[in-house]
Every structure is written in C-alpha cells, then in structure tokens.
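One-letter residues, chain by chain:
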Amino acid sequence: GAGVSQTPSNKVTEKGKYVELRCDPISGHTALYWYRQSLGQGPEFLIYFQGTGAADDSGLPNDRFFAVRPEGSVSTLKIQRTERGDSAVYLCASSLGLAGDTQYFGPGTRLTVL
Amino acid sequence: AQKVTQAQTEISVVEKEDVTLDCVYETRDTTYYLFWYKQPPSGELVFLIRRNSFDEQNEISGRYSWNFQKSTSSFNFTITASQVVDSAVYFCALRSSNTGNQFYFGTGTSLTVIP
C-alpha cells in the first residue's frame, strides 16, 4: 500500500517568503505528525493532529509556523516570513492513533531559505 | 523529562563484523515505548522495531537483535555480520504515555560498513 507522501521534495525560497508543505498520510491513519530535522540531528517534534484538530502544537517554534488538516487526511504546514534558520528537512508521519503506536514517516521536504 | 541519548555519533566497521548501537533513555513514566528507525542516504526514516516498557524480552529479526534492559534504561541494537546496505543513520526514539504522541529522538548514530 501507499506510504506517507510529501510534496514538494525540495523547496528553495527567499528570506521573508511564505511556503506551504504538504503531507498525505497513509490511508486510514487518524494521527498525523510534523517534525523538523536539522543536519546531524534527530527529528524534532512540531505538531500532532488527531483527526482534524491539532492535539498538541507545543513544538511549533513561533507564530510564523502553522499547520492545518481540514478534512482529517492531508495536512499542510505553513511557514510565514521564512528565515534562514528555518532551513531543514520537514518530516511528516502518520499512525493509527492508538496509544504507543508506530509512526510511519514520509520522505520529507528539504526546505532551503536563501 | 523525556530524553534519548545515543552517545556514538559515528561508527565504522568492516563488512561481516558485528556492531552494537547504544541507546540510553530517560523517563519518569512507567508506561512508555521505545523505537529504532533507520535513515538511509535517501532520507526516509524506516521503522525497525517497537518495544513497550512491560516487555523486556530481547528480540531477534534476521541479522538484527535488540537488548532492552530497564535496569540500565538501555535499548541497544546489534547488527550481526554487517553488510554495506546497513550503512545509514540509526535513531532511537522514546514515546511516553504521559507526553501525548510525540517521539523524542536521539541524535542518531551514523554507521558506515566498509566493504
């Protein structure tokens, strides 16, 4: 079956611009997660959705970051007024939404802010 | 606080050698879950294993084995007879029942298997 997909695979933008990153989870997975991975580091939690609602957004670094999942499936991570420090790989994962269940990751979107 | 430590940043071994990747975790919760993921050069995190805190049985899957010891808060990963295709970054992760659903990842161990 299809895994988690993310688009675009690469995104280059200029400082100050707005970007949207898309995640399409595994069919039937109610939980969706966004992580950010900087070079040489492990993934860092950003936000978690259960269905359409953001159950935990404690990892969002500031109010320039926002994510939605309007129909409980596809999610979009939105970054306003991008900064060079936002450059990283943004990973999306999905799971069945059960306690302690396994998260399955997408290939990520590499964001470069010039 | 939840924390995962992978003290080994980089490891190089010659093909067919055995190698153990260390993972030490911290949590105050009694119910938690431990995971290992592989991240090959392509970048996608590949799930390897999941363990809950009530199951300390070691597990073997082919050339892979895992040693979970609550007494030392460790969840180490051994690859037997390593192969070049095992070259990747390996991440250990912790998920606690009391901190929602987020994972806490270690910083990863980069394994290079030399032919």
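Let us look at the structure shown here. Note that this is a predicted model, so its numbers are computed, not measured.

1. A short note on the overall build of chain A
A count of helices and strands for chain A gives 0 helices and 11 strands. Moving toward the C terminus, one meets the helices and strands of chain A in the order β-β-β-β-β-β-β-β-β-β-β. Rg of the C-alpha trace for chain A: 13 Å, near the compact-globule value of 13 Å for 114 residues, within the 12% margin. The buried share of chain A, taken over its 114 residues, is 47%. With an accessible surface of roughly 5300 Å², chain A has 49% of that area assigned to carbon and sulfur atoms. Of the charged side chains in chain A, 11 are positive and 11 negative; the average position of the first set lies 8 Å away from that of the second.

2. A word on the packing of aromatic side chains
Going through the model one piece at a time under the given rule, you end up with 22 aromatic pairs over all chains. Consider the rings of Y25(B) and Y32(B), whose centres lie 5.2 Å apart with planes at 50°: the pair is tilted. Classification of Y32(B) by relative accessible area gives buried; the value is 5%. One aromatic cluster is present, formed by Y35(A), F45(A), Y104(A), F105(A), F35(B), Y37(B), F47(B), F91(B), F103(B) and F105(B) through successive ring pairs.

3. A word on the pattern of salt bridges
Residues and elements named next belong to chain A. Counting across every chain of the model gives 7 salt bridges over all chains. Between R22 and D24 there is a salt bridge; the shortest N-O distance is 3.9 Å. Judged by its relative accessible area of 41%, R22 is partly exposed. Classification of D24 by relative accessible area gives partly exposed; the value is 26%. In this structure, the salt-bridge partner of D86 is R64, at a minimum N-O distance of 2.8 Å. Placement of the pair is D86 in the loop between strand 8 (75-79) and strand 9 (88-95) and R64 in the loop between strand 6 (53-56) and strand 7 (65-68), with a sequence separation of 22 residues. Classification of D86 by relative accessible area gives buried; the value is 3%. Relative accessible area serves as the criterion here: at 6%, R64 is assigned to the buried category. Counted as one network, the salt bridges with shared partners bring together R64, E83 and D86.

4. What about the interface of chain A and chain B?
Listed per partner, the contact involves 22 residues of chain A and 17 residues of chain B. On the chain A side of the contact with chain B, G100(A), T102(A) and F105(A) bury the most area, a combined 29% of that side's loss. If you look at where chain A meets chain B, you find 1 salt bridge. The partner of D101(A) in a salt bridge is R95(B), with the nearest N and O atoms 2.8 Å apart. Summed over the shared surface of chain A and chain B, the number is 6 residue pairs in polar contact (both at pLDDT 80 or more).

5. Considering the state of the cysteines
Simply put, the disulfide is a covalent bond whose two ends are the sulfur atoms of two cysteines. All names here are of chain B. Counted under the stated rule, the structure contains 2 disulfides over all chains. There is a disulfide in this structure between C23 and C92, and the S-S distance comes to 2.0 Å. As the torsion about the S-S bond is roughly -65°, the C23-C92 disulfide counts as left-handed. Of the two residues, C23 is situated in the loop between strand 3 (19-21) and strand 4 (24-26) and C92 in strand 10 (residues 88-96); the sequence distance between them amounts to 69 residues. In this structure, C23 and C92 share a single accessibility class: buried.

6. Structural notes on the nonpolar core
All names here are of chain B. Ranked by internal contacts, the top residues of the largest apolar core, which has 23 residues, are W36, F77, Y90 and L111. Looking at this core, the elements that each hand over two or more residues are strand 2 (10-14), strand 3, strand 5 (32-39), strand 8 (64-69), strand 9 (74-79), strand 10 and strand 12 (109-114). Ranked by residue count, the leading element in this core is strand 10, at 4 residues.

7. With respect to unusual backbone geometry
Here T7(A) and P8(A) are connected by a cis peptide whose omega angle stands at -10°. As for its placement among the helices and strands, P8(A) is situated in the loop between strand 1 (5-7) and strand 2 (10-13). Its identity is not glycine, yet R81(A) carries a phi of approximately 45°, on the positive side. The residue R81(A) is located in the loop between strand 8 and strand 9 in this model. R81(A) sits in the partly exposed class, given a relative accessible area of 46%. For K16(B), which is not glycine, the phi torsion reads 85° and is therefore positive. Mapped onto the elements of the fold, K16(B) is located in the loop between strand 2 and strand 3. Assessed through its relative accessible area of 69%, K16(B) is described here as exposed.

Parameters and conventions
- Residues numbered from 1 in each chain as written.
- Chains lettered and ligands numbered in written order.
- Predicted model: local features only at pLDDT ≥ 70, side-chain atom pairs only at ≥ 80, totals over all residues.
- Heavy atoms only, no water.
- Helix = DSSP H or I, 4+ residues; strand = E, 2+ residues; numbered from the N terminus.
- Rg over C-alpha atoms; globule rule 2.2 N^0.38 Å.
- Buried < 20%, exposed > 50% of the residue type's maximum accessible area, 1.4 Å probe, protein only.
- Areas by Shrake-Rupley, 256 points an atom, 1.4 Å probe, with all protein chains shown as cover.
- Lys, Arg positive; Asp, Glu negative; His and termini not counted.
- Charge placed at Lys NZ, Arg CZ, Asp CG, Glu CD.
- Phe/Tyr/Trp six-rings, centres within 6.5 Å; stacked < 30°, edge-to-face > 60°.
- Salt bridge = Lys/Arg side-chain N within 4 Å of Asp/Glu carboxyl O.
- Contact = heavy atoms within 4.5 Å.
- Buried area = accessible area lost by both parts, 1.4 Å probe.
- Polar contact = N/O pair within 3.5 Å; in protein donor to acceptor, adjacent residues only side chain to side chain.
- Disulfide = S-S within 2.5 Å.
- Core = buried A, V, L, I, M, F, W, Y, C linked by side-chain atoms within 4.5 Å.

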